[in-house]
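Descriptive analysis of the structure
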Amino acid sequence: MPDVRLANVTKRYGKIVAADNVNLHIYDKEYFSLLGPSGCGKTTLLRLVAGLVQPNEGEIYIGDRLVNNVPPEDRDIGFVFQTFALFPHMNSWDNVIYGPRVKGFDMKKAETIGHEVLEMVRLHERLDAYPNELSGGMMQRIAVARALAAGAKLLLLDEPLGQLDAKVRNVLRYEIRKMVKDLELTAVHVTHDQAEAMAISDRIAVIKKGRIIQVGTPKELYMAPKSVFVAHFIGESNFLEGYISSINKEGLIIELRNGMRVHTVQKNMKKGERAVLAVRPETFVIEKGIKKKKNSILGIIERTTFEGTNIRYKVRLENDDLVMVVKPSLIEEWLNVGEKVTVSFPQSKTHIFAYPEVGLKEELAVE
Ligand SMILES: Nc1ncnc2c1ncn2[C@@H]1O[C@H](COP(=O)(O)OP(=O)(O)OP(=O)(O)O)[C@@H](O)[C@H]1O
Ligand SMILES: [Mg+2]
């Protein structure tokens, strides 16, 4: 039953607080991701669970066992590192059965496991190859096979796909998830790539500066971000500053720059309060020409970018705010630079937040 619990866990490196009073419950058989910008403390959390570093404060449980004083080798975990960490002088086969061997399994059992996991990662025909004879994707598959062969029910993966090209990453991430699910393992996967976390995770913890900002399913984080930071880090958002000018049955009305008013959803905020409106680029409705429409602002297209699947417009609204609008390129009629447009705000899909105390720019900074 390898669920993982961190209770009030803090890890300091001198003045740096790499894990700041972290409380987290990763369920048994869950595929869980730790997501956040570089330096936010993802690897530190993974190393704390693995026992490679010790917390200054707090408790770590794997299953029902308090593991604070349990050495890494007795925690029954598989670890896949970001950089290729295979033994260079061993071929794939020896790398993979290293775990079962040092655990003292009899040779026959170790071999059975070795064949099984190599089949699983589809590299059985390369069991003689040395790491330097394998591609990056193959090396990471061997690294996963090696972690699986050790028989641990808890798999810790630190940016296992980080060094691979986009196409290989996309395939391998589903393969890893499938193996974890087929073998009924619990996986904790570290990544700074939100698309990767969204695609493979049952739940995600968004981390910033050592703190857990929000935990949820990919859908929850995308549809209901609880902070400006999550709205920014998961998917993409336009942020417009203003203040609450009035409140009615359907929601709040925010006054943006230069007196432009937009209706948004309901939120527990007061009239006059400073606020940030967040709108996903794909949820705007954009139309050619000047239209009299509910909840819309006129604008002018400043830039168009063809991105393949999508076309992206940078639009200067008449109140001088800039927004990005994204539309499927094969479906919509394309608009041109300089064209006058009407941009409608989707009231039910807007998000509204209190203006961050540290300032919007600082709140959104990822470093
Ligand atoms: N051994 C160490 N000694 C001193 N500081 C450390 C040590 N390990 C990590 N840190 C610091 O702790 C903070 C968190 O580092 P960590 O490696 O956990 O971040 P990360 O989220 O994994 O980043 P990345 O995405 O770049 O791998 C950073 O400020 C880092 O410099
Ligand atoms: Mg890291």
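One can find the structure itself at the top, above this paragraph.
Counting starts from 1 at the beginning of each chain's written sequence and moves along it residue by residue. Each chain is given a letter, starting from A, and each ligand a number, starting from 1, according to the order in which they appear as written. Local features are withheld for residues below a pLDDT of 70 in this predicted model, meaning they are given only at 70 or higher, and side-chain atom pairs are given and counted only at 80 or more; totals for whole chains, interfaces and linings count all residues. Water and hydrogen atoms play no part in the side-chain values, which are based on all heavy atoms of the structure.

Next up on the list: the overall build of the chain. Looking only at helices and strands, the chain has 10 helices and 20 strands in total. Each of the three principal axes of the chain carries a C-alpha extent, and together these read 80 × 45 × 35 Å. Each residue is assigned to one of three classes by its accessible area relative to the maximum for its type, calculated with a 1.4 Å probe on protein chains only: buried under 20%, partly exposed between the two thresholds, exposed over 50%. Across the 367 residues in the chain, those meeting the buried criterion constitute 52%. By sequence separation, contacts in the chain at least 24 residues apart represent 65% of the contacts at least 6 residues apart. Using a 1.4 Å probe, accessible areas were evaluated by the Shrake-Rupley method; residue-level cover was limited to the displayed protein chains. In the structure as shown, the chain presents an accessible area of about 17800 Å², 52% of it carried by carbon and sulfur atoms. For the chain, the centre of its 51 positive side-chain charges and the centre of its 47 negative side-chain charges are spaced 5 Å apart. Helix and strand definitions here come from DSSP, where helices need a minimum of 4 consecutive H or I residues and strands a minimum of 2 consecutive E residues; each element is numbered from the N-terminal end. Residues count as neighbours in contact if any of their non-hydrogen atoms are within 4.5 Å of one another. As used throughout, the charge tally considers Lys and Arg to be positive and Asp and Glu to be negative, leaving His and the chain termini uncounted. Charged side chains are reduced to one point each, which is NZ for Lys, CZ for Arg, CG for Asp and CD for Glu.

So, about the packing of helix α4 (residues 107-120) against helix α5 (residues 136-149). In helix packing, the relevant descriptors are the interaxial angle and the interaxial distance, both defined with respect to the helix axes. Axes, fitted as lines to C-alpha atoms, cover a helix only where it is in contact. Angles between the N-to-C directions of the axes lie from 0 to 180 degrees. Between α4 and α5, the least distance of the axes is 9 Å, while the angle of their chain directions is 140 degrees. One element, α4, and the other, α5, form an angle in the oblique class. As α4 packs across α5, the resulting crossing turns out to be right-handed. Contacts between α4 and α5 involve Ile113, Val117, Leu118 and Met120 from the former and Ile142, Ala145, Leu148 and Ala149 from the latter. Throughout, the term roughly parallel applies to angles under 35 degrees, roughly antiparallel to angles over 145, roughly perpendicular to angles from 65 to 115, and oblique to all others. Should the near helix be turned counterclockwise from the far one by less than a right angle, the crossing is left-handed, whereas a clockwise turn marks it as right-handed.

Take the pairing of strand β9 (residues 203-208) next. Counting buried residues in β9 gives six out of six residues, a clear majority hidden from the surface. Side-chain alternation along β9 places Arg203, Ala205 and Ile207 on one buried face and Ile204, Val206 and Lys208 on a second face that is also buried. In the sheet, strand β3 (residues 31-35) pairs with β9 via four bridges, with the strands oriented parallel. Bridge pairing in β9 links Phe32 to Arg203. Should DSSP find at least two bridges between two strands, the strands are regarded as paired. As paired strands, β9 and strand β10 (residues 211-216) are joined by five bridges and run antiparallel to one another. Note that in β10 the partner of Ile204 across the bridge is Gly216. Connecting the antiparallel pair β9 and β10 is a turn made up of two residues, with Lys209 showing a positive phi of about 45 degrees.

In this section: the site of ligand 1. Near ligand 1 you find Tyr13, Ile16, Ala18, Pro37, Ser38, Gly39, Cys40, Gly41, Lys42, Thr43, Thr44 and Glu159, and these make up its full shell. We call two N or O atoms a polar contact when they sit within 3.5 Å, provided that within protein one can donate a hydrogen and the other can accept it, with sequence-adjacent residues counted only if both atoms are side-chain atoms. At a separation of 2.7 Å, an oxygen atom of ligand 1 approaches a polar backbone atom of Gly39. Side-chain polar atom of Lys42 to an oxygen atom of ligand 1: 2.8 Å apart, as the coordinates give it. Contact with the protein chains hides 60% of the accessible area of ligand 1, taken as 630 Å² for the molecule alone. Sorting the residues of the shell around ligand 1 by element identifies β2 (16-26) and α1 (42-50) as the ones contributing at least two each. For the shell around ligand 1, the element with the most residues is α1, which contributes three residues. When the residues that make up the shell around ligand 1 are grouped by side-chain class, the tally is five nonpolar, five polar and two charged. By convention in this text, a residue qualifies as near a molecule or strand provided that one of its non-hydrogen atoms is within 4 Å of it. Under this grouping Gly is polar, as are all residues other than the nonpolar Ala, Val, Leu, Ile, Met, Phe, Trp, Tyr, Cys and Pro and the charged Asp, Glu, Lys and Arg.

Further remarks concern the pairing of strand β6 (residues 77-80). Neither face of β6 is left uncovered, since the one carrying Ile77 and Phe79 and the one carrying Gly78 and Val80 both have all their residues buried. Where β6 lies against strand β7 (residues 154-158), four bridges are found, and the strand directions are parallel. What sits directly across from Gly78, in β7, is Leu155.

Moving on to the pattern of salt bridges. Side chains that differ in charge, positive against negative, can pair when their charged atoms come close. Should a side-chain nitrogen of Lys or Arg be within 4 Å of a carboxyl oxygen of Asp or Glu, the pair is scored as a salt bridge. According to the stated counting rule, one finds 23 salt bridges in the structure shown. A salt bridge links Glu175 to Arg141; its shortest N-O distance comes to 3.8 Å. Of this pair, Glu175 sits in helix α6 (residues 166-182) while Arg141 is found in helix α5, placing the two residues 34 residues apart along the sequence. The pair formed by Glu175 and Arg141 is uniform in burial state, with each residue classed as buried. Between Arg257 and Asp321 there is a salt bridge, with the nearest N and O atoms lying 3.0 Å from each other. Taken together, the residues span a long stretch of sequence, with Arg257 in the loop between β12 (251-256) and β13 (261-264) and Asp321 in the loop between β17 (310-317) and β18 (322-328) at a distance of 64 residues. A residue is classified by how much of its surface remains accessible, and Arg257, at 43% relative accessible area, is partly exposed. Taking the relative accessible area as the measure of exposure, Asp321 reaches 8% and is therefore buried. Shared partners join several salt bridges into a network, and the residues in it are Arg122, Arg141 and Glu175.

Moving on: the packing of α5 against α6. Relative to each other, α5 and α6 sit at 10 degrees, their axes nearing to 11 Å. Relative to α6, α5 is oriented roughly parallel. The segment α5 lies against α6, with Gly137, Gln140, Arg141, Val144 and Leu148 engaging Val168, Leu172, Glu175, Ile176 and Met179.

Attention shifts here to the sheet that holds β7. Pairing in this open sheet of six strands is mixed, and the strands run β6-β7-β8-β3-β9-β10 from one edge to the other. Each edge of the sheet is formed by a strand with only one pairing partner; in this case those strands are β6 and β10. Pairwise comparison of adjacent strand axes, ignoring direction, gives a mean angle of 15 degrees for this sheet. Against the sheet, α1 touches β3, β6, β7, β8 (186-191) and β9, its axis set at about 150 degrees to β7.

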